[in-house]
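Below are the chains, spelled out letter by letter.
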Amino acid sequence: MENRAYVGDCEVNATSPGYGTTNTGNSQIRVTTWEAQRTESGLPPREKWSKNIEFLLSCVALSVGFGNVWRFPYTAYKNGGGAFVIPYLIVLFIIGRPIYYLEMVMGQFSNRGCVKVYDLAPAMRGIGVGQTIAIFTVLTYYTSVLAITLRYLVASFSPELPWSKCDPGWTNCVDSNFKGNFSFNANITQPSTSAELFFKKTVLHATTTLNNGLGYPDWKLTLCLIVAWICIIAILIKGIKSSGKASYFLAIFPYIIIAVLLVRSLTLEGAWIGITYLFRPQWDKLLTIGIWYEAVTQCFFSLSICFGAQIVYSSFNNFSNNIYKHALIITSLDTITSLIAGCVVFGVIGHLAHVTGQTDMSKVVQGGAALTFITYPDTIAKFDFIPQFFSVLFFFMLFLLGIGTLIGIVTSVITAIHDQRPDITRWKIVIGVGLTGFAIGLIYITPGGLIVLDVLDYYGVTLVTLTLAVFELFTFAWIYGVNRICKDIEFMLDIKTGKFWRVCWGILTPITLLFILLISLYRYKAQDVPFGYNAFGWCLYSLAVLQVPCWAVYSVLQNGHGLFLFDRVKAVFQPNGSWGPEDPVTRTNYSQYIEQYKRQTIEQSSTRMRKLINVVFQ
């Protein structure tokens, strides 16, 4: 059967409810009796990771991506260097890690995707739908950036790097393989490097404004986009079984390349100038709101939280998998990777400043795509020893990181669709998502594509994710309840949840996110594009966020015919009848467990204040 589940190398407790078999050694164990019963009834069982290590490596590949290599170094530099690391670590501690662990818990406990997980409060199902819209927006432009990466990877195999020298048709250009500081008359515009002009004129044919439209996609980038989607579809066509196997390469090999690049970066002349510049603290920025906002957005972007992807990956886990340990490992590894990537990138930038004689580092560093496709290639062109080799390593690493992240993103979208329409064969959904993503992705490889990318990323991803993150935390922590979550963890993993997690989930994290959201809306400034693009951005934001009230109304109208309105509303904010573990036997045991917990809670909670305290601290 297409969706057949496999469970192997799992940490299954022999006394765990609902499991009649255990795993010994590395042997592959066929799924439990209830899964066979479901198959006989005509309902395909949910896929499972073949091994726990595949889940761990897939999560690493999902979280460690472009955000660690180019976004973190530039964001840190722009927001106070070493001073940025302090709020970033604080945000990771009180927001990133708690949300990461919480999403793992909810996905694994329920074996549901980012939409179906809201069976715990059907009125809030619009959160999952909105997150799917946001992650699909990411999917469309992420593959386009991956196509540009592939374009550079192919170009790196040339006998001479094509961006190392100026094209005869370019004016006011300086060869990127030139070492030394070029001087120019004050009345003459500062020349551009050949790496910059190659990116803008040869690769993107970029325009500086959208007043004359987007233009047409570059045919070479179109071919690269096709190849990127073929790779993604090939990995996902067989579901978790194939993507789990691919995770070994996608998660591990980039670290081998990072290690090689780190050694090379640290041995370059002037490298420590750049690294020192990156981590030199500007303490005055700690008192600004902007640095904390940037820390939160970097945390979301880097860990891929509140997009639904982590819930989806965890939903394919065995019920008693030790996700507490995995959450700590992955979040720590993600942060370490960001710091190492910062050393790699700014070591290279320091070398660039050294060989050009540039003393003002702010004139060397460029942000966003420019850091990846202009500054870094410009430096590699100046290498004395086989620059093509290091160029291939760098862009191959980026390509693998991008593929690893996209596998998780696309899986989230596919699962959201498949959970709602299990009658549609999975491979059809994979191909449908791929074709749609490719068609939309063509927009971003037009001359004005990167400008549109910035607009949609701001409205359709950053603002949407922050808004829905507040709703997500409110739903999990206050509608469903922190104490109920902790009881679920105790039933699932047989561990008690400490006060730190309770306080973060119930108070600290949602309040911090709400504050950051309000600040971002207060500081809103329209993008420097024609009015229609800003209007479209707000329409995309509204489309995602308005899913919450629309699905709430729909749930009320569909629930409990003949009941009073108050009863209908109350019912849709409580778990539905199917909520709980996927295994019917385990779900029956869980229902009895929860009923006993509710009776104890009623007996112990004699006042409203006591009930409120119990939500977090009991």
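Residues numbered from 1 in each chain as written. Predicted model: local features only at pLDDT ≥ 70, side-chain atom pairs only at ≥ 80, totals over all residues. Heavy atoms only, no water.

### Remarks on the packing of aromatic side chains
And step 1. Enumeration over the complete set of coordinates arrives at 44 aromatic pairs.
And step 2. Their ring planes at 45° and their centres at 5.2 Å tell us that Y152 and W163 sit as a pair that is tilted. Of this pair, Y152 sits in helix 5 (residues 125-155) while W163 is found in the loop between helix 5 and strand 3 (173-174), placing the two residues eleven residues apart along the sequence.
And step 3. Judged by its relative accessible area of 1%, Y152 falls in the buried class.
And step 4. When the ring of Y152 is compared with that of F373, the centres are 5.3 Å apart and the planes differ by 35°; the resulting orientation is tilted. A residue pair is termed long-range when its members are at least 10 positions apart, and Y152 in helix 5 and F373 in helix 13 (residues 369-380) qualify at 221 residues. For the pair formed by Y152 and F373, the shared burial category is buried.
And step 5. Pairwise contacts between aromatic rings join Y152, W163, F198, F199, F373, Y376, F394 and F395 into one cluster. (Phe/Tyr/Trp six-rings, centres within 6.5 Å; stacked < 30°, edge-to-face > 60°. Helix = DSSP H or I, 4+ residues; strand = E, 2+ residues; numbered from the N terminus. Buried < 20%, exposed > 50% of the residue type's maximum accessible area, 1.4 Å probe, protein only.)

### Quick notes on the confidence of the model for the chain
Low pLDDT means the predicted coordinates in that region are not meant to be read closely.
And step 1. Per-residue pLDDT for the chain has a mean of 83; in total, 86% of the residues score no lower than 70.
And step 2. A low-confidence stretch, residues 1-43 (pLDDT under 50), is modelled with 96 contacts involving residues beyond four sequence positions or located in other chains. (pLDDT = per-residue confidence, 0-100. Contact = heavy atoms within 4.5 Å.)

### Here we look at a nonpolar patch on the surface
And step 1. Where nonpolar side chains cluster on the molecular surface, the patch consists of I252, I256, V260, F385, I386 and F389 and spans about 530 Å² of accessible area.
And step 2. Looking at the nonpolar patch element by element, the count peaks at three residues for helix 8 (residues 240-266).
And step 3. Note on placement: I386 falls in the loop between helix 13 and helix 14 (387-420).
And step 4. Taking relative accessible area as the criterion, I386 reaches 41% and is therefore assigned partly exposed. (Patch = residues over 30% accessible without salt bridge, like charges linked within 9 Å, V, L, I, M, F, W, Y side chains within 5 Å. Areas by Shrake-Rupley, 256 points an atom, 1.4 Å probe, with all protein chains shown as cover. Salt bridge = Lys/Arg side-chain N within 4 Å of Asp/Glu carboxyl O.)

### Quick look at the packing of helix 3 (residues 66-78) against helix 12 (residues 323-356)
And step 1. The contact between helix 3 and helix 12 brings their axes to 8 Å, and the two run at 75°. In terms of axis orientation, helix 3 runs roughly perpendicular to helix 12. On helix 12, the residues that touch N68, V69, F72, P73, Y74 and Y77 of helix 3 are D334, T337, S338, L339, A341, G342, V345 and F346.
And step 2. Taken together, the residues that form the contact of helix 3 with helix 12 break down as nine nonpolar, four polar and one charged. (Axes fitted to C-alpha atoms, helices over the stretch in contact; angles between N-to-C directions. Parallel < 35°, antiparallel > 145°, perpendicular 65-115°, else oblique. Nonpolar A, V, L, I, M, F, W, Y, C, P; charged D, E, K, R; others polar.)

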